[in-house]
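# Observations on the model geometry
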Amino acid sequence: MAPSVLILGAGGAFGRPLMEEFIRQKSHFSRVGILADPAKAPKFSDLAARGIDIVSGSFLDPKSYQGFEVVVSLAGNAIMRLQPAIIESAIEGGIRHFYPSEFGSDVAQESLSTFRYFRDKRVTRDHLAAKAKECPDFYYTLMLTGIFTEWAADPFYGVDVKAHTANTYGHPDANISVTSIPDIARYTVESILLPLTPGVQKREIRVTRERTTWKKFIDDLGEVQGVKYQCEYLDPVEAAAKQEEARRSGDEVAELMWSVKPLAASGNGIVPGQLDNDRFSFRPESVKDTFKRVYA
């Protein structure tokens, strides 16, 4: 039977590309919906016109999830800590398969155990494992994709694509796993259609396009643009000091920002282990192909 899927946080930066992929593959699903706050529901009217159900309600109301089997959470920083409560409501509403907001590095790496940015994701993982023990017919999938290629070449990580400079916290030879946004969307949608293994409630999908180094990543960007980037590597200790300063002042947004700024060139922005790319029907685009699509 074709699955029914409800997406949370579809209004964010990854939400739109993901919804476009759901629409492209809509024939494989019995129902695709977006859960939206009543005040924000009208912003999805264009998607409603294309066959997406807009469910107006609260993330924490079990009734919002009725009629759906799978939830894909795109929770951003502001509501990341609410995911355990969201999971409780979703299960009570009838959900039997949950995708938490992962879509990046594998936060189970020991080297990321102290990264403040990933704290709420680790808490969510623990909660999912506990619920799986309570509910034998409940499954969850962790999408481990590496850093979004388009977002790695961003001012957040010190990359200026107009001035052709990269002032980044970290080291030039640090490994980084990257995958383009359209490919992550396609992996996510197709993964829902893969059969679950009975009794194996935790599923990890490890898919990345390339593991490269930060220097090679920037060099590829410059090659596509026909320029040579001027790079400066900043000491991550400086970012850690600013993170602590933000924590002491109670500025959680700044604390989260400074905790993750060194990620791209830290060597921790990777997906270790065996990849699952060969389980899918397509070959993802390379880093250079992504840059050509976006910048050439």
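Read on for a plain summary of the structure. What you see is a predicted model; the values in this text were computed from it and never measured.

The rules we used
- Residues numbered from 1 in each chain as written.
- Predicted model: local features only at pLDDT ≥ 70, side-chain atom pairs only at ≥ 80, totals over all residues.
- Heavy atoms only, no water.
- Salt bridge = Lys/Arg side-chain N within 4 Å of Asp/Glu carboxyl O.
- Helix = DSSP H or I, 4+ residues; strand = E, 2+ residues; numbered from the N terminus.
- Buried < 20%, exposed > 50% of the residue type's maximum accessible area, 1.4 Å probe, protein only.
- Phe/Tyr/Trp six-rings, centres within 6.5 Å; stacked < 30°, edge-to-face > 60°.
- Lys NZ or Arg CZ within 6 Å of the ring centre and 35° of its normal.
- Pairing = 2+ DSSP bridges.

Working definition: two side chains of opposite charge can pair if their charged atoms are close together. Applying the stated criterion across every chain, the model contains 25 salt bridges. With a closest N to O distance of 2.8 Å, Asp-46 and Arg-16 form a salt bridge. Of this pair, Asp-46 sits in helix 2 (residues 45-48) while Arg-16 sits in helix 1 (residues 15-24); the two residues are 30 residues apart in sequence, bridging distant segments of the chain. Given a relative accessible area of 29%, Arg-16 falls into the partly exposed group.

For the structure on display, the rule yields 13 aromatic pairs. Pairing Tyr-187 with Phe-282 gives two aromatic rings, centres 4.6 Å apart and planes at 40°, and the pair type is tilted. Linking Tyr-187 in helix 6 (residues 181-193) with Phe-282 in the loop between helix 9 (252-260) and helix 10 (287-295), this pair joins segments that are 95 residues apart in sequence. Pair check on accessibility: Tyr-187 and Phe-282 agree, each one buried. Between Phe-291 and Tyr-295 the ring centres are 6.0 Å apart and the planes differ by 50°, which places this aromatic pair in the tilted class. One end of the pair is Phe-291 and the other is Tyr-295, both in helix 10 and four residues apart, which spans about a single turn. Using a relative accessible area of 1% as the deciding quantity, one classes Phe-291 as buried. Taken together, the ring pairs in this structure connect Phe-14, Phe-103, Phe-148 and Trp-151 into an aromatic cluster. Its guanidinium or amino end placed over the ring of Phe-156, Lys-261 lies 4.5 Å from that ring's centre, counting from NZ or CZ. One cation-aromatic arrangement involves Lys-261 over Trp-258; the distance from NZ or CZ to the ring centre is 5.6 Å.

This paragraph deals with the pairing of strand 9 (residues 165-169). Note that strand 8 (residues 159-160) and strand 9 share two bridges and pair antiparallel. Paired with Val-159 across the bridge in strand 9 is Ala-166. Here strand 8 folds back onto strand 9 in antiparallel fashion, the turn holding four residues, of which His-164 has a positive phi close to 60°. Inspection of the sheet shows strand 9 paired to strand 13 (residues 230-234) by five bridges, in the parallel sense. The residue bridging Asn-167 from the neighbouring strand is Glu-232, located in strand 13.

Here we come to the sheet that holds strand 8. A sheet is described by the order of its strands in space; here three strands give the open sequence 8-9-13, paired in mixed fashion. For this open sheet the edge positions go to strand 8 and strand 13, each flanked by a neighbour on one side alone.

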